[in-house]
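In case you want the letters, here they are:
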Amino acid sequence: MHELSIAMEILDIVAKAASEHGSDRIKSVRLRVGDISGVEVDSLTFSFDAIKGDRKLTVDAELVVERVPLKVHCRTCDGEFTGEGQYLTCPSCNGFDTEMLQGDELSVVDIEVE
Ligand SMILES: [Zn+2]
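Procedures and definitions
- Residues numbered from 1 in each chain as written.
- Predicted model: local features only at pLDDT ≥ 70, side-chain atom pairs only at ≥ 80, totals over all residues.
- Pairing = 2+ DSSP bridges.
- Helix = DSSP H or I, 4+ residues; strand = E, 2+ residues; numbered from the N terminus.
- Axes fitted to C-alpha atoms, helices over the stretch in contact; angles between N-to-C directions.
- Contact = placed C-beta atoms within 7 Å.
- Buried ≥ 20, exposed ≤ 12 C-beta atoms within 10 Å, placed from the backbone.
- Arc of directions from axis to C-beta.
- pLDDT = per-residue confidence, 0-100.

## Digging into the sheet that holds strand β1 (residues 26-34)
In sheet architecture, strand pairing relies on hydrogen bonds along the backbone and comes in two forms, parallel and antiparallel.
Thinking step 1. Taken in spatial order, the three strands line up as β2-β1-β6 in an open sheet, and their pairing is mixed. The two strands at the open ends of the sheet, each matched to only one other strand, are β2 (62-68) and β6 (106-113). Here the strands of the sheet are splayed against their neighbours by 20° on average, with no regard to which way each runs.
Thinking step 2. Pairing geometry for β1 and β2, over seven bridges, is parallel. Pairing of Arg 30 across the sheet is with Val 64, part of β2.
Thinking step 3. Sheet strands in contact with helix α1 (residues 2-20) are β1 and β6, and its direction is about 40° off that of β6.

## Things to note about the sheet that holds strand β4 (residues 80-81)
Thinking step 1. In space, the three strands of this open sheet follow the order β4-β3-β5, with antiparallel pairing throughout. Pairing within the sheet leaves two strands with one partner each, and these edge strands are β4 and β5 (98-102).
Thinking step 2. The pairing of strand β3 (residues 71-74) with β5 spans four bridges and is classified as antiparallel. If you follow Val 72 over to β5, its bridge partner there is Met 100.

## Notes on helix α2 (residues 41-51)
Thinking step 1. Of all the positions in α2, only Leu 44, Ser 47 and Phe 48 are classed as buried. Buried residues of α2, viewed axially, fall in a sector of 100°; they line one side. Facing away from the buried side of α2, by more than 90 degrees, are the exposed residues Asp 42 and Ala 50.

## Overview of the confidence of the model for the chain
Thinking step 1. The predicted model of the chain averages 92 in pLDDT, with 96% of residues at 70 or higher.
Thinking step 2. Looking over the chain, one finds the lowest element-wise mean pLDDT in β5, namely 92, and the highest in α2, namely 97.

Structure below.
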């Protein structure tokens with residue numbers, strides 16, 4: 001259900017972008033999805049394919065998903081690591097003073113039109 005509303009939102013965004021470019025057909029939509037964004041990619045693709053036919057503009061659109069791994073910066077030792085789970089403890093210095101650099105994004109990066 002969550003993924004369905006995201007798919008609807010994506011279609012709204014790309015439809016608006018395409019009409020601004022005077023295009024009437026979208027070929028593909030490239031999306032960046034972070035590993036901890038909470039989005040089920042399979043479910044999102046399924047929802048997208050299920051509703052894209054509602055508009056002529058997106059009937060042939062293909063959703064291309066780019067996964068973004070979680071990356072964390074440690075302020076204590078200035079290191080970077082790939083965090084897992086919810087406890088973002090630095091593996092080098094065991095510090096807790098960390099910040100997420102990427103991994104929770106969900107955004108449309110590009111659309112290809114005809
Ligand atoms: Zn550290």
